[in-house]
Amino acid sequence: MSCTEKKARLAERQEQWQEMVDKALARFPERKEAFATTSGIEMKRVFTPADVEEIDYNDEVGFPGEFPFTRGVQPTMYRARFWTMRQYAGFGSARQTNERYRYLLGQGQTGLSVAFDLPTQIGYDSDHELSDGEVGKVGVAIDSLADMEILFDQIALDKVSTSMTINAPAAVLLAMYIAVAEKQGVSSDKLRGTIQNDVLKEYFARGTYIFPPRPSMKIITDIFSYCKDNLPNWNTISISGYHIREAGSSAVQEVAFTLADGLAYVDAAVKTGLDVDVFAKRLSFFFNVHNNFLEEVAKFRAARRLWAKLMKERFGAKKASSMMMRFHTQTAGCSLTAQQPDNNVVRVTMQALAAVLGGTNSLHTNSRDEALCLPTEDSVRIALRTQQIIAHESGVADTIDPLAGSYMIESMTSEIEAKALEYINKIDGLGGVVKAIEAGYMQQEIGDSAYAYQKSVETAEQVIVGVNRFTIDEPAPKNLLRIKKEMEIEQLESLRTMKAKRDATAVTASLKELRQVAESGDNLLPVIVSAVKTYATLGEVCGVLREVFGEYTEA
Amino acid sequence: MDKKIKVLVAKPGLDGHDRGAKVVSRALRDAGMEVIYTGIRQTPEQIVATAVQEDVDSLGLSCLSGAHNKLFPKVVALLKEKGAGDVLVFGGGIIPDEDIPGLKEAGISAIFLPGTPTQVTIDFIRNNITQA
Amino acid sequence: MEDLVAGLLAGKVRPLAKAITVVENDRPGKRELLKQIYPQTGNAYLLGITGPPGAGKSTLTDKVIAKLRQQGKTVGVIAVDPSSPFSGGAILGDRIRMQQHALDDGVFIRSMATRSHLGGLSKSAVDVIHLMDAAGKDVIIIETVGVGQDEVDIVRIAKTTVVVMVPGLGDSVQIAKAGVMEIADVFAVNKADREGADKLLIELRAMLDMIKDKEKPKIYRTVAVDDVGIEELVKGIFAHGEKVVESGLIQKKITEKAESELRAYLLDTIMERSTNLASYHEVVKRVADKEITPMDGVDEIFAGLGLHGDENVEKN
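Residues numbered from 1 in each chain as written. Chains lettered and ligands numbered in written order. Predicted model: local features only at pLDDT ≥ 70, side-chain atom pairs only at ≥ 80, totals over all residues. Heavy atoms only, no water.

## A few points about the overall build of chain A
Right, so step 1: Tallying secondary structure elements over chain A gives 24 helices and ten strands in all.
Right, so step 2: Relative to its length of 555 residues, chain A is compact, with a C-alpha radius of gyration of 24 Å against a globular reference of 24 Å.
Right, so step 3: Here the C-alpha coordinates of chain A stretch approximately 85 × 60 × 45 Å along the principal axes.
Right, so step 4: Of the contacts formed within chain A by residues at least 6 apart in sequence, a portion of 78% connects residues at least 24 apart. (Helix = DSSP H or I, 4+ residues; strand = E, 2+ residues; numbered from the N terminus. Rg over C-alpha atoms; globule rule 2.2 N^0.38 Å. Contact = heavy atoms within 4.5 Å.)

## Here's the deal with the environment of C:Ile78
All names here are of chain C.
Right, so step 1: Its location among the elements puts Ile78 in strand E2 (residues 75-81).
Right, so step 2: Residue class for Ile78 comes out buried when judged on its relative accessible area of 0%.
Right, so step 3: Residues Ile78 and Ala125, 47 residues apart in the sequence, show an inter-C-alpha distance of 7.7 Å.
Right, so step 4: What Ile78 contacts, discounting residues up to four positions off in sequence, is Arg110, Met112, Ala125, Val128, Ile129, Met132, Ile141, Ile142 and Glu143. (Buried < 20%, exposed > 50% of the residue type's maximum accessible area, 1.4 Å probe, protein only.)

## What to know about a negative patch on the surface
Right, so step 1: Taken together, the side chains of A:Glu12, A:Glu15, A:Glu19 and A:Asp22 define an acidic patch exposed on the protein surface.
Right, so step 2: Looking at the element boundaries, A:Glu15 is found in helix H1 (residues 3-27). (Patch = residues over 30% accessible without salt bridge, like charges linked within 9 Å, V, L, I, M, F, W, Y side chains within 5 Å. Areas by Shrake-Rupley, 256 points an atom, 1.4 Å probe, with all protein chains shown as cover. Salt bridge = Lys/Arg side-chain N within 4 Å of Asp/Glu carboxyl O. Lys, Arg positive; Asp, Glu negative; His and termini not counted. Charge placed at Lys NZ, Arg CZ, Asp CG, Glu CD.)

## Remarks on the interface of chain B and chain A
Right, so step 1: Contact residues are listed per partner, giving 35 residues for chain B and 42 residues for chain A.
Right, so step 2: Roughly 3000 Å² is buried in total at the junction of chain B and chain A, and carbon and sulfur atoms are behind 51% of that figure.
Right, so step 3: Ranking the residues of chain B by area buried against chain A places B:Leu14, B:Arg19 and B:Arg41 at the top, with a combined share of 27%.
Right, so step 4: With its nearest N and O atoms 2.9 Å apart, the salt bridge here joins B:Arg26 to A:Asp448.
Right, so step 5: Counting across the chain B and chain A interface gives 15 residue pairs in polar contact (both at pLDDT 80 or more).
Right, so step 6: Looking at the side of chain B that touches chain A, the elements with two or more residues in it are helix H1 (19-30), helix H3 (68-81) and helix H5 (118-128) of chain B.
Right, so step 7: The greatest single-element share of the side of chain B that touches chain A, amounting to six residues, is contributed by H1(B).
Right, so step 8: Each residue belonging to the side of chain B that touches chain A can be placed in one class, and the counts come to eleven nonpolar, twelve polar and twelve charged. (Buried area = accessible area lost by both parts, 1.4 Å probe. Polar contact = N/O pair within 3.5 Å; in protein donor to acceptor, adjacent residues only side chain to side chain. Nonpolar A, V, L, I, M, F, W, Y, C, P; charged D, E, K, R; others polar.)

## Points about the interface of chain A and chain C
Right, so step 1: With five residues of chain A at the contact, the number on the chain C side is six residues.
Right, so step 2: In total, chain A and chain C occlude about 530 Å² of area from one another, counting both sides; carbon and sulfur atoms represent 42% of this.
Right, so step 3: Considering only the side of chain A, the residues that lose the most area to chain C are A:Lys435, A:Glu438 and A:Glu554, jointly responsible for 57% of the buried surface there.
Right, so step 4: Between A:Arg214 and C:Asp226 there is a salt bridge, with the nearest N and O atoms lying 3.4 Å from each other.
Right, so step 5: Where chain A meets chain C, there are two residue pairs in polar contact (both at pLDDT 80 or more).
Right, so step 6: The class makeup of the residues in the side of chain A that touches chain C is one nonpolar, no polar and four charged.

## Thoughts on the sheet that holds strand E1 (residues 6-10) of chain B
Right, so step 1: Strand order in this open sheet of six strands is E5(B)-E4(B)-E3(B)-E1(B)-E2(B)-E3(C), and the pairing throughout is parallel. Every interior strand has two partners, whereas the edge strands, strand E5 (110-112) of chain B together with strand E3 (90-92) of chain C, have only one. Ignoring strand direction, the axes of neighbouring strands in this sheet form an average angle of 25°.
Right, so step 2: Relative to strand E2 (residues 34-37) of chain B, E1(B) runs parallel, the two being bridged by four bridges. Considered in E2(B), the bridge of B:Val7 is made with B:Val35.
Right, so step 3: Contacts from H1(B) reach E1, E2 and strand E3 (58-63) of chain B together with E3 of chain C, with the element oriented near 160° to E2(B). (Pairing = 2+ DSSP bridges. Axes fitted to C-alpha atoms, helices over the stretch in contact; angles between N-to-C directions.)

## What about the packing of aromatic side chains?
Each aromatic ring pair is specified by the distance between its two centres and by the angle formed by the two planes.
Right, so step 1: Applying the stated criterion across every chain yields a total of 23 aromatic pairs over all chains.
Right, so step 2: On the basis of an interplanar angle of 75° and a centroid distance of 6.5 Å, the ring pair of A:Phe67 and A:Phe69 is categorised as edge-to-face.
Right, so step 3: With relative accessibility at 1%, the residue A:Phe69 sits in the buried group.
Right, so step 4: Three or more aromatic residues link up through ring pairs in this structure, and these residues are A:Phe285, A:Phe287, A:Phe300, A:Trp307 and A:Phe327.
Right, so step 5: Its end group placed over the ring of A:Tyr209, B:Arg41 keeps NZ or CZ at 4.5 Å from the ring centre.
Right, so step 6: Above the plane of the ring of C:Phe238 lies C:Lys73, whose end atom (NZ or CZ) is 4.8 Å from the centre. (Phe/Tyr/Trp six-rings, centres within 6.5 Å; stacked < 30°, edge-to-face > 60°. Lys NZ or Arg CZ within 6 Å of the ring centre and 35° of its normal.)

## Considerations on the pairing of strand E7 (residues 237-240) of chain A
Residue and element names in this part refer to chain A.
Right, so step 1: With burial as the criterion, each face of E7 is covered, one bearing Ile237 and Ile239 and the other bearing Ser238 and Ser240.
Right, so step 2: In this structure, E7 lies alongside strand E8 (residues 283-289), joined through four bridges in parallel fashion. Its bridge partner being in E8, Ile239 is matched across the sheet by Phe285.

## Some thoughts on the sheet that holds strand E7 (residues 186-189) of chain C
All names here are of chain C.
Right, so step 1: Spatial strand order, E4-E2-E5-E1-E6-E7-E8: seven strands in an open sheet with parallel pairing. What marks the edges here is a single partner per strand, and that holds for strand E4 (107-113) and strand E8 (218-221). Averaged over neighbouring strand pairs, the angle between their axes works out to 20° when direction is ignored.
Right, so step 2: Pairing analysis gives four bridges linking strand E6 (residues 160-165) to E7, with the strands arranged parallel. Among the inter-strand pairings, Val162 is bridged to a residue of E7, identified as Val186.

## Here we look at the nonpolar core
All names here are of chain A.
Right, so step 1: Phe257 and Leu259 are the most contacted members of the largest nonpolar core, which totals 102 residues.
Right, so step 2: Sort the elements by how many residues they give to this core and helix H12 (residues 251-271) lands first, with twelve residues.
Right, so step 3: Residues contacting Phe257, with those up to four places away along its chain left out, are Phe204, Ile244, Tyr423, Ile427, Tyr441, Met442, Glu445 and Ile446.
Right, so step 4: In this structure, Val140, Leu151, Tyr177 and Phe211 belong to the second largest nonpolar core, which totals 66 residues. (Core = buried A, V, L, I, M, F, W, Y, C linked by side-chain atoms within 4.5 Å.)

And the structure:
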């Protein structure tokens with residue numbers, strides 16, 4: 001039977017089948033009038049070969065490790081090595097966090113991920129007025145190199161890769177990491193890890209910005225340049241969609257806005273004279289994985305393919321490594337419920353599985369109690385086990401991109417790609433990401449999606465088990481992790497002590513030099529490294545930069 | 001004319017997660033209220049000064065960073081100091097159940113946890129504000 | 001009430017805030033309150049800032065406030081945002097960009113929704129201006145939505161009206177929009193670092209060249225978010241204000257303003273009293289049933305209000 005004949009026969013069969021469907025509908029209407037994902041993509045009753053007719057396997061799907069990388073960025077993927085199991089952690093003091101890190105490494109975690117508290121993320125010391133009540137709450141408090149040294153006590157920096165979720169002050173924390181490594185006798189070129197360093201999304205989805213966009217982009221390109229020469233194995237940026245999704249965007253918006261940010265960073269770097277084929281291989285991404293299992297799997301494949309094409313077409317990237325999208329994924333925090341928290345283990349499992357089937361390179365699974373507070377040791381162990389069970393017991397890691405070829409998955413992959421590209425073109429039309437942020441474009445889109453979602457939950461159109469259906473009367477949860485009140489006091493005390501001990505003259509001199517370099521426009525990294533070595537605090541270093549670059553106010 | 005209910009929605013402290021605050025603001029607007037949203041990174045002093053100038057009936061505080069035990073009571077205390085103790089204060093965010101009694105004692109009239117339908121908040125405000 | 005008035009006149013924050021609430025919501029005591037403070041008004045410099053959405057008005061206002069404070073002036077701000085036509089509620093978000101002034105005693109910011117007012121500054125907004133004036137604010141900035149007729153009303157109230165424009169929003173269309181050219185005393189081309197700024201400036205100048213009979217408004221380039229051009233803009237605003245005083249135009253403006261307020265109250269009051277008449281709905285029905293014309297309906301209502309109709313009109 002020829003191709004055309006097959007097609008005709010399929011169409012005929014489908015029409016016949018439709019009669020059967022109509023009879024069934026007459027007896028039993030379907031649960032909804034229309035089925036669609038929150039991105040507005042239709043979930044058809046069935047997907048057939050007709051839906052993937054236009055998709056050329058060789059051009060659009062291809063093989064893992066080859067352009068456009070739809071099936072994955074390595075030829076052997078999990079058959080060689082599982083994804084990195086990297087649980088984000090950090091709270092309280094550096095000492096407490098260090099203990100949690102050593103526990104997790106002992107339990108089989110394969111990479112470190114540092115969560116910093118809000119004052120640290122916003123470049124304030126623990127004794128700043130705005131830090132009151134915030135010290136050590138959402139992550140570890142790092143005021144100076146002294147804290148960083150404690151954080152990595154007994155952890156060999158040439159043996160672990162460390163991801164640091166730090167954006168506006170990323171240069172300073174990176175400098176501290178380099179200094180700690182030096183003290184351990186580890187040279188910079190051996191360091192492996194990532195800094196999030198993605199300031200653009202801060203302005204419209206996360207809120208831990210410091211400086212306005214232009215100087216922030218300058219700091220980022222400084223980091224690209226410095227790492228190219230000194231930390232060749234370090235991922236200089238983790239272009240993030242996770243937070244965009246958490247803020248309420250759809251899957252398509254998550255891909256679109258993340259890649260738009262990525263394009264802005266590449267553009268900025270190229271404009272400073274960096275060669276795309278030199279720095280692009282060190283870009284990495286960070287996505288969310290949410291509940292709609294099938295859409296999420298398709299999302300990851302679409303993102304990889306779209307990025308590869310954009311890098312080739314817009315920046316003329318030639319090396320495969322410049323077009324490969326490597327990414328970390330975290331399961332969706334916003335999907336966790338405070339009600340019947342054990343249900344969250346099930347949610348996280350489904351989400352983690354979707355990320356694995358989507359070919360993620362690294363994964364964090366949330367703990368069941370995170371709608372209430374930071375996870376207890378027990379909860380975080382279950383989250384880690386979830387990944388280990390998927391890896392070792394489910395069999396899905398034994399073959400690469402197993403859902404490829406599914407009519408539904410391939411169709412949806414293409415649709416997400418197309419819709420995301422529409423958004424990217426729209427942002428181009430607005431003059432790029434920075435202008436779009438100033439116009440409040442992403443904020444509006446995200447706000448609209450978030451509101452629509454809330455409405456669908458309140459009408460129970462979107463069922464959330466335990467929240468708007470299948471509820472129970474439950475007692476208040478017990479044994480939650482609490483950060484002791486004393487922690488903030490202890491941190492302030494150790495900050496005071498450290499300041500008393502250090503060489504004040506050296507600090508002053510280094511801050512003076514920092515100001516000069518900031519004003520001159522030269523690369524900031526070397527002078528920041530010198531400054532942190534004198535035990536100048538994070539707040540002091542960022543304070544100088546705040547004075548020179550100004551502070552951003554919400555648009 | 002029915003007096004419009006004026007609500008201030010504020011984010012004290014350093015927490016930048018504004019999805020909830022924005023969703024609640026829209027829901028209150030759709031319920032016919034006038035909502036002033038301060039944006040993120042407000043000190044308790046800024047929030048109270050704003051509440052006084054805008055002469056709001058109610059104030060909603062959102063905090064997901066765990067700093068609520070420090071910041072929420074501070075806002076209430078300042079409101080009283082400035083003679084605005086009759087403003088109805090409610091809060092939301094990531095707040096463990098065990099903290100709620102303490103917050104209520106400090107003058108926060110209600111805490112709305114994740115999963116609370118916005119209608120509950122709307123009804124609470126309507127039923128509990130003191131309008132002269 | 002006495003305490004409120006006394007506190008307000010002494011410049012205290014809470015009495016002013018409370019007084020604004022009384023006035024904005026037509027609370028009992030409003031008439032008395034206005035009566036007491038009205039003689040104390042007329043001293044403040046009223047500055048209107050208007051323009052299309054996206055022009056950056058709030059950010060510009062924020063920077064203008066900062067400049068005025070540097071000059072030692074106290075500032076009152078009314079930030080107007082539209083009410084939802086569906087729910088009657090509103091999100092008043094202009095304040096976000098001015099929060100740096102929240103703790104400055106010399107700055108009082110009040111957000112107001114347009115409520116049911118179909119375009120134009122509501123009477124309440126004007127009454128609020130009176131309150132801030134009586135409270136001693138040196139400058140009162142009215143930042144409006146800037147669509148439709150809003151802009152037109154502002155020109156009768158403000159001493160200087162600044163129209164903020166921004167490149168890239170369909171420039172000639174913006175400019176040609178009825179009324180914008182006439183109401184601007186000063187133009188601010190904001191986000192002037194963007195592409196299209198020069199083009200907008202040229203188009204603006206070309207249109208302004210067509211004004212022959214009066215003083216051409218000056219144009220200022222600003223990049224509000226970077227605090228660029230604000231000093232010149234503020235100078236330009238005060239320069240305009242001086243011209244208004246020097247040329248003797250000020251009395252005309254004061255009279256226009258008074259008339260505009262009077263008319264607004266007149267229309268509102270007549271409407272309110274008419275619709276509250278017992279016979280009102282009956283009259284409506286008779287017009288609907290084609291028993292009488294609307295014109296005659298007015299006469300019936302006026303009769304009900306104890307007003308005489310226009311006896312000079314020939315009854316055809």
